[in-house]
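Chain by chain, the residues run as shown.
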Amino acid sequence: MFTMIENDDLQHISSVLTDWYKKNKRDLPWRNIHDPYRIWISEIILQQTRVAQGYDYYLKFTQQFPDVQSLANAPEDEVLKCWQGLGYYSRARNLQAAAKRIMAQHNGKFPSNYDDILALKGIGEYTAAAISSFAFKQPYAVVDGNVFRFLSRYFGIDSPIDSGAGKKQFAKLAGLLLDKLQPDLHNQAIMEFGALQCTPTGPDCMNCPLETSCFAKEQGKISDLPVKEKKTRVTHRFFHHLVFICGEETLLSKRSDKDIWQNLYEFPLYESTKLCSFEEILMEKNWISEIAGLHPIHISYQSKEIKHILSHQIIHAVFYVVNTESTALQLPHFTPVKIEHLNKYPISRLTEKFLKKFSENLSCSKNKYIFTAN
Ligand code: SF4
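Residues numbered from 1 in each chain as written. Predicted model: local features only at pLDDT ≥ 70, side-chain atom pairs only at ≥ 80, totals over all residues. Heavy atoms only, no water.

- The protein carries the name Adenine DNA glycosylase in an unreviewed UniProt entry, which gives Paludibacter jiangxiensis as its organism.
- The record held by UniProt for the protein lists under Catalytic activity (unreviewed entry) the comment "Hydrolyzes free adenine bases from 7,8-dihydro-8-oxoguanine:adenine mismatched double-stranded DNA, leaving an apurinic site."
- Entered under Sequence similarities (unreviewed entry) in the UniProt record, the comment concerning the protein runs "Belongs to the Nth/MutY family." (UniProt positions renumbered as here; feature names shortened; annotations may be inferred.)

See the structure below:
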């Protein structure tokens, strides 16, 4: 397992990585730039998102919000709408909060000091190191999932990467390995190496320039490293959404709790510990008082259960299309919205999926929408 390594060895490994990088790197729009704003946006998008998915979002986001000022001044709904479908929406909210702070405390100029960068909302040690090194060539080593994997396999480190002690050990080693004369190139190289060569499953060891000195390869421990301490606990949640149709309007509400999809819009939600029938939902006392004003109502459609999988949660959702002959939709906590304007609101991927089917089966005549299920 991991023992002390000579400086010369570390320098050799770093130069092998950077040589490999020059030959194998992907051409990506956030590479070879030094604009901290764009590097920041790319790094936040790429947290929990694959490059293939993040690519178009990066282009769209930086086109709509080309600098700190435009992001800070935009309405939050616009920022969330631009982020729609990417998930982990706190990233978008934090980006905007940080942009506002840069406007207020740094006169709109992205800070170049590591501690100032780290103090911005949504920026942790990894992102601060990435921005500091890529934009300002400062000697901070990045440690992301790709770096953990490569370091643990190559050096044979079995400390859990999600433990405090493990994180410290990896950060120290990454700092020792860092080429301080070209930290930007070194950091890009080690991350790209983990992403393309030393992949989670099926790493390309046969063509690896470090194969002969790799601990995991030699010991047959590739699938054992890196080690994680905690298992992800998944919770199941049961969502029932009521999609009211009243003439040209429906109802939306904004998710305000500290929960998934905060500040996104959704159809009125009843959440319970299991899936319920529509009658059971109506029995709920909170709902009786709220929808009493909408009688008479009838359901014109009930979706099948839709399973929506997030990293720590599985949402089991059912959508009910509910027609009401009330003259106006006015319920406390809900916003009446013209059905034709629904696409202007930031919504979750789950609601987006349902809306697609909903729109395909909707017709409008004399200012009245009718949903015909098939
Ligand atoms: S030999 Fe295989 S496991 Fe070792 S660093 Fe190279 S790709 Fe990764």
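### Observations regarding the pattern of salt bridges
Consideration 1: A complete count under the given rule lists 12 salt bridges for this structure.
Consideration 2: Lys 137 is the salt-bridge partner of Asp 184, the closest N and O atoms lying 2.9 Å from each other. Taken together, the residues span a long stretch of sequence, with Asp 184 in helix α11 (residues 183–196) and Lys 137 in the loop between α8 (125–136) and α9 (145–155) at a distance of 47 residues.
Consideration 3: Among the salt bridges present, the one from Arg 255 reaches Asp 259, with a minimum N-O distance of 3.0 Å. (Salt bridge = Lys/Arg side-chain N within 4 Å of Asp/Glu carboxyl O. Helix = DSSP H or I, 4+ residues; strand = E, 2+ residues; numbered from the N terminus.)

### A few points about the nonpolar core
Consideration 1: Of all hydrophobic cores here, the largest spans 99 residues; its most connected members are Trp 40, Phe 61, Leu 71, Leu 151 and Phe 358.
Consideration 2: Two domains share this core, each providing at least three of its residues, namely domain 1 (7–224) and domain 2 (235–371).
Consideration 3: Those residues within four positions of Phe 358 in sequence are excluded, and the remaining contacts are Val 243, Ile 245, Val 321, Leu 342 and Phe 371.
Consideration 4: Of all hydrophobic cores here, the second largest spans 13 residues; its members include Phe 244, Tyr 320, Val 322 and Leu 331. (Core = buried A, V, L, I, M, F, W, Y, C linked by side-chain atoms within 4.5 Å. Buried < 20%, exposed > 50% of the residue type's maximum accessible area, 1.4 Å probe, protein only. Domains from an automatic or database assignment. Contact = heavy atoms within 4.5 Å.)

### Description of the pairing of strand β7 (residues 313–324)
Consideration 1: By the criterion of burial, β7 is predominantly enclosed, with 12 of the 12 residues buried.
Consideration 2: Burial along β7 is two-sided: the face carrying Gln 313, Ile 315, Ala 317, Phe 319, Val 321 and Asn 323 and the face carrying Ile 314, His 316, Val 318, Tyr 320, Val 322 and Thr 324 are both buried.
Consideration 3: With 11 bridges connecting them, strand β1 (residues 235–245) and β7 associate as parallel partners. Each bridged residue has a counterpart across the sheet, and for His 241 the counterpart in β7 is Phe 319.
Consideration 4: Two strands pair when backbone bridges link them, and strand β5 (residues 297–302) and β7 are joined in this way by five bridges, in the antiparallel orientation. Bridge pairing links Ile 299 to Val 322 in β7.
Consideration 5: The turn joining strand β6 (residues 306–309) and β7, which pair antiparallel and follow one another in sequence, is formed by three residues. (Pairing = 2+ DSSP bridges.)

### Things to note about the environment of Glu 211
Consideration 1: Its place among the elements puts Glu 211 in the loop between α11 and α12 (215–219).
Consideration 2: Classification of Glu 211 by relative accessible area gives partly exposed; the value is 26%.
Consideration 3: For the pair Glu 211 and Leu 275, spaced 64 residues apart in sequence, the C-alpha to C-alpha distance is 52 Å.
Consideration 4: Once you skip the residues sitting within four places of it in the chain, Glu 211 turns out to touch Cys 205, Met 206 and Lys 217.

### Focus: the domain arrangement of the protein
Consideration 1: Partitioning the protein into domains gives domain 1 (7–224) and domain 2 (235–371).
Consideration 2: Each side of the interface is counted separately: domain 1 has 10 residues, and domain 2 has 15 residues.
Consideration 3: Taken over both partners, the interface formed by domain 1 and domain 2 buries close to 1,000 Å², and the fraction arising from carbon and sulfur atoms is 42%.
Consideration 4: Counting the surface domain 1 buries against domain 2, the share from its top three residues, Asp 77, Gln 84 and Tyr 89, is 43%.
Consideration 5: Our count for the domain 1 to domain 2 interface comes out at one salt bridge.
Consideration 6: The partner of Asp 77 in a salt bridge is Lys 254, with the nearest N and O atoms 3.7 Å apart.
Consideration 7: Put simply, domain 1 and domain 2 have eight residue pairs in polar contact (both at pLDDT 80 or more) between them.
Consideration 8: No other element matches the four residues that helix α5 (residues 76–83) contributes to the side of domain 1 that touches domain 2.
Consideration 9: Taken together, the residues of the side of domain 1 that touches domain 2 sort by class into three nonpolar, three polar and four charged. (Buried area = accessible area lost by both parts, 1.4 Å probe. Polar contact = N/O pair within 3.5 Å; in protein donor to acceptor, adjacent residues only side chain to side chain. Nonpolar A, V, L, I, M, F, W, Y, C, P; charged D, E, K, R; others polar.)

### Concerning the packing of aromatic side chains
What describes a pair of aromatic rings is the distance from one ring centre to the other and the angle between the planes of the rings.
Consideration 1: Under the defined criterion, the tally for this structure stands at 21 aromatic pairs.
Consideration 2: Aromatic side chains Tyr 301 and Phe 371 sit 5.1 Å apart centroid to centroid with 50° between the ring planes, which places their arrangement in the tilted category. Placement of Tyr 301 in strand β5 and of Phe 371 in strand β10 (residues 368–371) is noted, with a sequence separation of 70 residues between them. One exposure class covers both Tyr 301 and Phe 371, and it is buried. (Phe/Tyr/Trp six-rings, centres within 6.5 Å; stacked < 30°, edge-to-face > 60°.)

### Some details on the packing of helix α3 (residues 51–64) against α5
Consideration 1: It is at 10 Å that the axes of α3 and α5 come closest, and there the two elements cross at 160°. As judged from the angle between their axes, α3 and α5 are roughly antiparallel. Where α3 crosses over α5, the two elements pack in a sense that is right-handed. Counting all contacts with α3, which are made through Tyr 57, Lys 60, Phe 61 and Gln 64, the residues of α5 involved are Glu 78, Val 79, Lys 81, Cys 82 and Trp 83.
Consideration 2: Residues that form the contact of α3 with α5 fall into these classes: five nonpolar, one polar and three charged. (Axes fitted to C-alpha atoms, helices over the stretch in contact; angles between N-to-C directions. Parallel < 35°, antiparallel > 145°, perpendicular 65-115°, else oblique. Left-handed = near helix turned anticlockwise from the far one by under 90°.)

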